[in-house]
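# Structural overview
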Amino acid sequence: MVEPANHAPIVQVRGLVNRFGSHVVHEGLDLDIHKGEILGVVGGSGTGKSVLLRSIVGLQPPAAGSIQILGQDLLALPSDKRAHIERRFGVMFQSGALFTSLTVIENVAVPLMEQAGLGRAQAEQLARSKIGLAGLPSDAGHLYPSSLSGGMVKRAALARALALDPDILFLDEPTAGLDPIGAGAFDNLIMTLRDALGLTVFLVTHDLDTLYASCDRVAVLSRKKVLAADTLDRVEAIDDPWIHEYFHGPRGRAANRAAQQSRSAK
């Protein structure tokens, strides 16, 4: 359930500037993320979707601007207080970013030991529950990443992102490389977890099926800013060449039809 619009956003980005040398990626970018929503972030190549995610979670310090998370100015906090806030969100990177020398259970247990201070036995016990929550079979916990399919890597990375019971989940291209059935199952899993755990989800994606199936709002990055952040039907109606090509092209129309048919079947 999305928080009413009159409530303060759970994440508020204002005047964000990101640059690499002379190359400016974001300039004066503003964005709100509301509690309980699944926000899809889209944009053309080079618009800085992943850079925006990394800035919000503290991995890419911006050149200017402010980032308020859960009412706290993340950039102004001392390191110990910032770390306390950062424990309240989980991050799933596009490649999974699992430790290849650790099993799935050990990967998921790492944040429980390093950030929550749990002993190995207790951390691995909790890790098993997160692995189940992510939809992996229990025996997958003893496998190494090299033995996992692409879909299993995604779910293992999701289990690790859920390890510390986050309030906000950041997902970078979570369905990239998955077949349509696997991607659809992952979309359904994210919606189920959002509803069951009360999560807020920030989702970078290029997958139109994911946007139509699971996102409450869509933020479009263009010209170094957020061109629009609204419901899909309102974003689709914006008179912009990239939006028209993206949402009204053959793939966009097909994804829209599939989502409507799915809703009608329920």
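Above: the structure in question.
These figures come from a predicted structure and were not determined experimentally.

### Things to note about unusual backbone geometry
Residue Glu173 is not a glycine yet carries a positive backbone phi of 50°. Positionally, Glu173 belongs in the loop between strand S7 (168–172) and helix H6 (180–197). Classification of Glu173 by relative accessible area gives buried; the value is 9%. Notably, Arg223 is not glycine yet its phi reads approximately 55°, a positive angle. The exposed category is assigned to Arg223, whose relative accessible area is 59%.

### Points about the sheet that holds strand S2 (residues 23–33)
The strand order across the open sheet built from four strands is S2-S1-S4-S5, with neighbouring strands paired in antiparallel fashion. The open sheet has two edge strands, S2 and strand S5 (72–73), and neither has a second partner. Summarising the sheet, strand S4 (residues 64–69) and S5 pair through two bridges and their orientation is antiparallel. What sits directly across from Ile69, in S5, is Gln72. Its contacts with the sheet place helix H1 (residues 49–56) against strand S1 (11–20), S2 and S4, and it is angled at close to 120° to S1.

### Digging into the pairing of strand S10 (residues 225–230)
Looking at chain direction, strand S9 (residues 217–222) and S10 are connected through five bridges and run antiparallel. Looking at the pairing, Ser222 lines up with Lys225 of S10. Hairpin geometry of S9 and S10 is characterised by an intervening segment of two residues between the two adjacent antiparallel strands and by a positive phi of about 55° at Arg223.

### A few points about the nonpolar core
Residues Leu158, Leu169, Leu171, Val201, Leu211 and Phe247 are the most contacted members of the largest nonpolar core, which totals 50 residues. If we ignore the near neighbours within four places in the chain, the residues touching Val201 are Glu37, Ile38, Leu39, Leu169, Leu171, Ile190 and Arg194. Val11, Val13, Ile67 and Ile168 belong to the second-largest nonpolar core, a separate cluster that totals 27 residues.

### Quick word on the environment of Arg82
By secondary structure assignment, the location of Arg82 is in helix H2 (residues 79–86). Along the backbone, Arg82 and Gly58 are 24 residues apart, and their C-alpha atoms lie at a distance of 8.9 Å.

### A closer look at the sheet that holds strand S3 (residues 38–43)
Strand order in the open sheet made by the six strands is S6-S7-S8-S3-S9-S10, with mixed pairing throughout. Only two strands of the sheet have a single partner each, and these edge strands are strand S6 (89–92) and S10. Geometrically, the sheet is characterised by an average inter-axis angle of 15° between neighbouring strands, direction not taken into account. Looking at chain direction, S3 and S9 are connected through five bridges and run parallel. Along S9, the bridge assignment pairs Gly40 with Val218. This element, H6, spans S3, S6, S7 and strand S8 (200–204) of the sheet and lies at about 140° to S3. Packing of helix H9 (residues 241–248) onto the sheet brings it into contact with S3, S9 and S10, and relative to S3 it is tilted by some 115°.

### As for the packing of helix H3 (residues 104–114) against helix H5 (residues 150–161)
Orientation of H3 relative to H5, taken along the N-to-C sense of each, is 25°, at an axis distance of 8 Å. It follows from the interaxial angle that H3 and H5 lie roughly parallel. Crossing angle aside, the handedness with which H3 passes H5 is right-handed. Residues Val104, Asn107, Val108 and Pro111 of H3 lie in contact with H5, whose contacting residues are Ala156, Ala159 and Arg160. Taken together, the residues of the contact of H3 with H5 sort by class into five nonpolar, one polar and one charged.

Scoring rules and cut-offs
Every chain begins its residue count from 1, and numbering advances along the sequence as written. Restriction of local features to residues with pLDDT of at least 70 applies here, the model being predicted, together with a cutoff of 80 or more for giving and counting side-chain atom pairs; totals for whole chains, interfaces and linings are based on all residues. Excluding hydrogens and water, the side-chain figures rest on all heavy atoms present in the structure. Numbering of helices and strands runs from the N terminus, with a helix taken as a DSSP run of H or I at least four residues long and a strand as a DSSP run of E at least two residues long. Each residue's exposure class comes from its accessible area (1.4 Å probe, protein chains only) as a fraction of the maximum for that residue type: buried when under 20%, exposed when over 50%, partly exposed otherwise. Here, strands pair whenever DSSP counts at least two bridges between them. Pairs of residues are marked as contacts when any of their non-hydrogen atoms sit within 4.5 Å. Fitted lines through C-alpha atoms give the axes, limited to the stretch in contact for helices. The angle between two N-to-C directions lies from 0 to 180 degrees. Take the buried residues of types Ala, Val, Leu, Ile, Met, Phe, Trp, Tyr and Cys, join any two whose side-chain atoms come within 4.5 Å, and each joined set is a nonpolar core. An angle below 35 degrees is read as roughly parallel, one above 145 as roughly antiparallel, one from 65 to 115 as roughly perpendicular, and any other as oblique. For any pair of crossing helices, the crossing counts as left-handed if the nearer helix is rotated counterclockwise from the farther one by less than a right angle, and right-handed if it is rotated clockwise. Lys, Arg, Asp and Glu make up the charged group, whereas Ala, Val, Leu, Ile, Met, Phe, Trp, Tyr, Cys and Pro make up the nonpolar group; the residues left over, Gly among them, are polar.

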